[in-house]
Amino acid sequence: MNSELSTQLSELVSAEGFCDFLNVEYDPVVLQRKRIPLLRMFHHILESFQDEPTFEEYQKALRIAYRQIVSGNELSFTASQCNGCSDCD
């Protein structure tokens, strides 16, 4: 496990930050409009890895997610099954 890489990634706070850090070219207009779907797709792709991804695997996952978002493919949003308990307040 590359703890230095994990630490650096955990400090990123924006889609632009991920793209810049992972050297993934992007259109600022696309990220402005689709940052949340992009990060959701990126996270979804990363969940498929058995082991801690390498820098190259993180980069590839973000590139795939970006291409999917630009192509109009987004993950469907599933509404919470919450029944309104007070634990989340």
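Up top is the structure these notes are about.
All values derive from a computational prediction rather than experimental measurement. (Residues numbered from 1 in each chain as written. Predicted model: local features only at pLDDT ≥ 70, side-chain atom pairs only at ≥ 80, totals over all residues. Heavy atoms only, no water.)

Q: Can you lay out the pattern of salt bridges for me, pointing to particular residues and giving the numbers?
A: The full count for this structure, using the stated rule, is 1 salt bridge. We note a salt bridge from E16 to R35, for which the minimum N-O separation is 2.8 Å. Taken together, the positions of E16 in helix 2 (residues 15-21) and R35 in helix 3 (residues 28-46) put the pair 19 residues apart, joining distant regions of the chain. On the basis of relative accessibility, which here comes to 29%, the residue R35 falls in the partly exposed class. (Salt bridge = Lys/Arg side-chain N within 4 Å of Asp/Glu carboxyl O. Helix = DSSP H or I, 4+ residues; strand = E, 2+ residues; numbered from the N terminus. Buried < 20%, exposed > 50% of the residue type's maximum accessible area, 1.4 Å probe, protein only.)

Q: Residue-level account of the nonpolar core, with values.
A: Judged by nonpolar contacts, the single largest core of 19 residues is most densely connected at L22, L38, F42, Y58 and L62. Residue assignment for this core shows that the elements contributing at least two residues are helix 1 (3-10), helix 2, helix 3 and helix 4 (55-70). (Core = buried A, V, L, I, M, F, W, Y, C linked by side-chain atoms within 4.5 Å.)

Q: Please give an account of unusual backbone geometry that cites residues and values.
A: Excluding glycine, a negative phi dihedral is what most residues carry, and trans is how most peptide bonds are arranged. Phi at N23 is positive, roughly 55 degrees, even though this residue is not glycine. Relative to the helices and strands, N23 resides in the loop between helix 2 and helix 3.

Q: Can you break down the packing of helix 3 against helix 4 residue by residue, with the values?
A: Axis separation between helix 3 and helix 4 bottoms out at 8 Å; the angle between their running directions is 130 degrees. Viewed along their axes, helix 3 and helix 4 adopt a mutual orientation that is oblique. Considering how the two elements wind past one another, helix 3 and helix 4 form a crossing that is right-handed. The residues of helix 4 that touch helix 3, namely those facing V30, L31, K34, P37, L38, M41, F42, I45 and L46, are Y58, A61, L62, I64, A65, Y66, Q68, I69 and V70. For the contact of helix 3 with helix 4, a count of residues per class yields 16 nonpolar, 1 polar and 1 charged. (Axes fitted to C-alpha atoms, helices over the stretch in contact; angles between N-to-C directions. Parallel < 35°, antiparallel > 145°, perpendicular 65-115°, else oblique. Left-handed = near helix turned anticlockwise from the far one by under 90°. Contact = heavy atoms within 4.5 Å. Nonpolar A, V, L, I, M, F, W, Y, C, P; charged D, E, K, R; others polar.)

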